[in-house]
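Coordinates in review
Listed below are the residues making up each chain.
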Amino acid sequence: MPSTRRSLRALVGIGFVLATVALSLFGDLTQFAPPLGVLLVLLETRVLLGVALAVFALSLALYLVSLSREDPEALVRSGRSVEAVIPVYDEPEVLHQSVNSLLDSSYEDLTVTVVCEPDDQPTIDRAAELTADADHARYVINGRPGSKAGALNDAIERSDADVVALFDADQQPHPDLIAHGMAALEAHDIARVRSLPRPGGLLESMVYYEYLLLFFLPQKLARFLLGLGFVGTRSVLIERSVFEAVGHFDEDALTEDMDFTHRCHRADLSIRELLYYPCFEEPAHTLRDWWGQRVRWLTGHVAVCHRHLRGWRHAIDTDFLSSMLTLAGTFVAGIVLSMTLPKLVVAATASPVLVASGVGGIYGLALVTRVVDNHTAGIDGFGLGWLLMPVALTLFGLVVVRVVVGYALGQRGQWYQVEKRGCSDPDLVSADDRRRTERSHSETD
């Protein structure tokens with residue numbers, strides 16, 4: 001019986017992918033009578049480009065409106081206790097980025113806790129070095145080893161802080177990030193601060209623009225239409241009462257952040273998304289890491305969708321419906337994205353001016369968003385990654401296809417860790433050197 005169900009899931013998954021790809025191409029090559037003809041028109045490249053332009057333009061407008069409504073001067077620098085938790089595994093070379101940044105925080109009542117895995121001695125040594133001379137920093141050994149969710153749960157259970165802030169080892173929180181987030185928590189349950197991939201080389205620049213078009217801007221529209229805000233497990237401040245309401249992180253989930261977001265949404269918690277004082281984090285530096293990281297993300301996405309589909313009895317719940325529409329929509333859009341390059345080539349032979357105008361419009365919106373980010377996040381330049389967006393969209397779509405088919409065949413995925421090269425930010429490096437010098441002087445004295 002289990003093998004029969006697995007075979008059925010495989011047939012449904014593969015059939016769904018093939019049908020969507022076929023319809024997507026037929027929309028540009030053939031014409032059919034209604035009702036199939038109506039569906040194919042919706043999948044025509046010209047129509048999809050128009051929809052994409054409308055979505056990105058509206059999302060950019062929502063971004064600008066959100067910026068205008070957010071007060072960057074709203075800062076609370078002391079008061080309730082905050083514990084910043086940094087789960088880390090096999091990343092000693094980047095740990096200074098988060099620890100040093102948080103030690104320089106303008107919020108006074110802050111404790112920094114690094115959670116190390118028991119079998120990762122190099123990282124334990126590095127954490128001990130970074131926290132040695134800081135009165136409000138420490139490192140602990142994960143009592144629930146084996147997953148990021150376990151490390152977070154262990155730290156939360158040990159902590160008695162009013163607010164728990166979560167960061168990844170490679171992130172660089174702005175000195176005022178905690179203070180800005182605490183101001184937001186005066187009226188909300190969760191304060192989610194924006195995370196930005198650090199633009200660098202060509203691939204890193206492509207990842208940044210991929211993030212804009214596939215994650216950041218669509219999330220603005222999803223929140224506006226469905227009220228769905230992403231919580232995540234990094235660059236986020238969470239009231240302790242939230243864990244009492246929805247429980248801790250699922251240690252069996254491949255993407256515990258998506259599962260936790262879904263539960264927070266179901267509990268109708270108030271999530272404030274903050275755009276000022278963003279966190280910078282390391283993107284994938286190789287195409288192999290880019291692929292592996294996204295396979296893990298999307299496999300977890302499928303798993304969360306599959307798990308919550310079993311709760312179909314909640315279908316009349318608007319929160320449940322909005323979450324499920326967002327999850328399922330990702331897969332349909334992803335499969336269509338896998339045909340980006342072929343569809344552009346086919347459509348350009350028939351309507352070159354229209355296709356060039358649509359692609360140029362999307363490029364323009366991406367670059368305008370970069371101008372806004374340069375101002376709000378303190379970055380500069382544009383890079384060349386925006387030129388590779390059709391390639392990035394096609395590859396991302398292929399990841400979706402691989403994940404959907406693989407999940408249907410019974411592949412549940414596994415953790416994938418990308419290579420981290422560390423940051424060359426002179427402020428962080430000098431802070432690290434300064435603390436080492438101070439420690440050596442004290443030992444000499």
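Please read these numbers as outputs of a predicted model, since none were measured by experiment. (Residues numbered from 1 in each chain as written. Predicted model: local features only at pLDDT ≥ 70, side-chain atom pairs only at ≥ 80, totals over all residues. Heavy atoms only, no water.)

Attention now goes to the overall build of the protein chain. Counting secondary structure elements, the protein chain contains 16 helices and seven strands. Within the protein chain, the proportion of its 445 residues that are buried is 53%. Of the contacts made within the protein chain by residues no fewer than 6 positions apart, 82% connect residues no fewer than 24 positions apart. Surface exposure of the protein chain reaches about 19,700 Å², of which carbon and sulfur atoms provide 61%. (Helix = DSSP H or I, 4+ residues; strand = E, 2+ residues; numbered from the N terminus. Buried < 20%, exposed > 50% of the residue type's maximum accessible area, 1.4 Å probe, protein only. Contact = heavy atoms within 4.5 Å. Areas by Shrake-Rupley, 256 points an atom, 1.4 Å probe, with all protein chains shown as cover.)

Of the two faces of strand β6 (residues 236–239), the one lined by V236 and I238 and the one lined by L237 and E239 are each fully buried. In the sheet, strand β4 (residues 163–166) pairs with β6 via four bridges, with the strands oriented antiparallel. Paired with L166 across the strands is V236, a residue of β6. (Pairing = 2+ DSSP bridges.)

The UniProt entry lists residues 7–27, 47–67, 320–341, 353–372 and 384–409 under the feature "transmembrane region" (unreviewed entry), expressed in the numbering used here. Annotated as 100% helix and 0% strand, the span residues 47–67 places its first and last C-alpha atoms 30 Å apart. Helix makes up 100% of residues 353–372 and strand 0%. Its end C-alpha atoms lie 28 Å apart. (UniProt positions renumbered as here; feature names shortened; annotations may be inferred.)

Taken as a whole and judged by the stated rule, the model has 10 aromatic pairs. Judged by centre distance (4.9 Å) and plane angle (90°), the rings of Y63 and F216 are edge-to-face. Taken as a pair, Y63 in helix α3 (residues 45–69) and F216 in helix α8 (residues 202–226) lie far apart in primary sequence, 153 residues in all. Ring geometry for Y211 and F216: centres 5.9 Å apart, planes at 25°, overall stacked. There is no split in this pair, since Y211 and F216 are both buried. Every member of this aromatic cluster is reached through a ring pair, and the members are Y63, Y208, Y209, Y211 and F216. A cation sits over an aromatic face here: R194 above F216, 3.7 Å from the ring centre. One residue, R370, lies across the ring of Y208, its end atom 4.8 Å from the ring centre. (Phe/Tyr/Trp six-rings, centres within 6.5 Å; stacked < 30°, edge-to-face > 60°. Lys NZ or Arg CZ within 6 Å of the ring centre and 35° of its normal.)

So, on to the nonpolar core. Grouped together as the largest cluster of nonpolar side chains are 85 residues, with contacts concentrated most on I86, L95, F167, I178 and L237. When residues in this core are grouped by element, the largest group, 11 residues, is from α8. When sequence neighbours within four positions are dropped, the list of residues in contact with L95 reads I86, V88, V114, T123, R126, A127, L130 and A169. (Core = buried A, V, L, I, M, F, W, Y, C linked by side-chain atoms within 4.5 Å.)

Our next topic: the packing of α3 against helix α14 (residues 352–377). The contact between α3 and α14 brings their axes to 9 Å, and the two run at 15°. As judged from the angle between their axes, α3 and α14 are roughly parallel. α3 and α14 meet at a crossing whose hand is left-handed. Where α3 abuts α14, its residues R46, L49, A52, L53, F56, A57, L60, Y63, L64 and L67 lie against L354, V355, G358, V359, G361, I362, L365, V368, T369, V372, D373 and T376. Each residue belonging to the contact of α3 with α14 can be placed in one class, and the counts come to 16 nonpolar, four polar and two charged. (Axes fitted to C-alpha atoms, helices over the stretch in contact; angles between N-to-C directions. Parallel < 35°, antiparallel > 145°, perpendicular 65-115°, else oblique. Left-handed = near helix turned anticlockwise from the far one by under 90°. Nonpolar A, V, L, I, M, F, W, Y, C, P; charged D, E, K, R; others polar.)

It is worth spelling out the pairing of strand β3 (residues 137–141) at this point. As paired elements, strand β2 (residues 110–116) and β3 share five bridges and run parallel to each other. In the strand pairing of β3, V114 is matched with Y139. Considered for its hand, the β-α-β crossover made up of β2, helix α5 (residues 121–131) and β3 is right-handed. (Right-handed = clockwise from strand over helix to strand, strands pointing away.)

A word on the confidence of the model for the protein chain. Of all residues in the protein chain, 77% have pLDDT values of 70 or greater, and the mean over the chain is 82. The low-confidence segment residues 31–42, where pLDDT is below 50, has 11 contacts with residues more than four positions distant or belonging to other chains. Counted against residues more than four places away or in other chains, residues 426–445, with its pLDDT under 50, gives 24 contacts. (pLDDT = per-residue confidence, 0-100.)

Summed over the entire model, instances satisfying the criterion amount to 13 salt bridges. Taking the shortest distance from any N to any O, the salt bridge between D154 and R158 comes out at 2.9 Å. Within this pair, D154 and its partner R158 are both found in helix α6 (residues 148–158), separated by four residues, close to a single helical turn. Among the ionic contacts, a cluster of salt bridges with common partners joins R144, E157 and E251. (Salt bridge = Lys/Arg side-chain N within 4 Å of Asp/Glu carboxyl O.)

Before going further, it helps to spend a moment on the sheet that holds β4. Taken in spatial order, the seven strands of this open sheet run β3-β2-β1-β4-β6-β5-β7, and their pairing is mixed. The sheet terminates laterally at β3 and β7 (271–281), the two strands that pair on one side only. Adjacent strand axes in the sheet meet at a mean angle of 25° when their direction is disregarded. Bridging between strand β1 (residues 82–88) and β4 involves four bridges; their strand directions are parallel. When the sheet's bridge partners are listed, A84 is paired in β4 with A165. Docked against the sheet, helix α7 (residues 177–184) engages β1, β2, β4, β5 (190–197), β6 and β7, running at close to 175° with respect to β7.

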